[in-house]
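Notes for the structure review
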Amino acid sequence: KAGVTQTPRYLIKTRGQQVTLSCSPISGHRSVSWYQQTPGQGLQFLFEYFSETQRNKGNFPGRFSGRQFSNSRSEMNVSTLELGDSALYLCASRSDRDRANEQFFGPGTRLTVL
Amino acid sequence: GNSVTQMEGPVTLSEEAFLTINCTYTATGYPSLFWYVQYPGEGLQLLLKATKADDKGSNKGFEATYRKETTSFHLEKGSVQVSDSAVYFCALSHQAGTALIFGKGTTLSVSS
């Protein structure tokens, strides 16, 4: 079974631009979560989607948004980029049958904002 | 609120040394506990998990026991290898469908 895939792997943007990141979950997984990883703040939860609905949201500004499609693929959008948005963005998928909430992570998208 | 505290790194060991990385948590009830590992340039891989008190998770020679009385989930390995060099994250999840809460991560460097 293929793992979680994320595209692109690397992105360079400038301040004020917007960016869209994509995530394809493991086949059969309907839950997709996004996390931001930075050296200073560590791993922080952005949001979770399940069956095309946002089910849970972390403490990030409204510039960060996401969506999920009927095939469970998810996209994350960041508008009006700031230098502080430079980070590794990780996507994780989970089986809704797993009560332990074991999440499977993709390789991440490294975003650099100049 | 829920939180995870793990020992600060970096941890530097020689090959075949014993490894312990401490992890304690704050949470109500009985969360699920996880150890994830991140190799350079990669995402997170689940190393092991435990879902109830006194459970022992194990994988690839690593072990951790869910201790409710001390709210701990320390990671151990009897003999580390150079290939174990990575960043290790302790995490908890209070219930299915909620976010994983991570510790800050501990960098392990093993030399031959």
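Now for a look at the structure at hand.

About the criteria used
Residues numbered from 1 in each chain as written. Chains lettered and ligands numbered in written order. Predicted model: local features only at pLDDT ≥ 70, side-chain atom pairs only at ≥ 80, totals over all residues. Heavy atoms only, no water. Helix = DSSP H or I, 4+ residues; strand = E, 2+ residues; numbered from the N terminus. Rg over C-alpha atoms; globule rule 2.2 N^0.38 Å. Buried < 20%, exposed > 50% of the residue type's maximum accessible area, 1.4 Å probe, protein only. Contact = heavy atoms within 4.5 Å. Areas by Shrake-Rupley, 256 points an atom, 1.4 Å probe, with all protein chains shown as cover. Lys, Arg positive; Asp, Glu negative; His and termini not counted. Charge placed at Lys NZ, Arg CZ, Asp CG, Glu CD. Phe/Tyr/Trp six-rings, centres within 6.5 Å; stacked < 30°, edge-to-face > 60°. Lys NZ or Arg CZ within 6 Å of the ring centre and 35° of its normal.

Counting its regular elements, chain A contains zero helices and 11 strands. Of the regular secondary structure in chain A, the N- to C-terminal order runs β-β-β-β-β-β-β-β-β-β-β. Its C-alpha atoms give chain A a radius of gyration of 13 Å, near enough to 13 Å, the size a compact globule of 114 residues would have. Principal-axis analysis of the C-alpha atoms places the extent of chain A at approximately 40 × 25 × 25 Å. When each of the 114 residues of chain A is scored for burial, the buried share is 52%. In chain A, of all internal contacts separated by at least 6 residues, the share reaching a separation of at least 24 is 54%. Only carbon and sulfur atoms are counted for the fraction: they give 47% of the accessible area of chain A, which is about 5,500 Å². Across chain A, the 14 positively charged side chains and the 8 negatively charged ones have centroids separated by 3 Å.

What follows deals with the packing of aromatic side chains. Taken as a whole and judged by the stated rule, the model has 12 aromatic pairs over all chains. Considering the side-chain rings of Tyr35 of chain A and Phe102 of chain B, the 5.7 Å spacing of their centres and the 85° angle between planes classify their relative orientation as edge-to-face. In this pair, Tyr35 of chain A is assigned in strand E4 (residues 31-38) and Phe102 of chain B in strand E11 (residues 101-102), connecting two distinct chains. Like Tyr35 of chain A, the residue Phe102 of chain B is buried in the burial classification. Aromatic side chains Phe47 of chain A and Tyr49 of chain A sit 5.7 Å apart centroid to centroid with 70° between the ring planes, which places their arrangement in the edge-to-face category. Exposure remark for Phe47 of chain A: the relative accessible area of 1% places this residue in the buried category. Three or more aromatic residues joined by ring pairs form one cluster here, namely Tyr35, Phe45 and Phe105 of chain A together with Phe34, Tyr36, Phe89 and Phe102 of chain B. Taking NZ or CZ as reference, Arg55 of chain A lies 4.3 Å from the ring centre of Phe50 of chain A, over its face.

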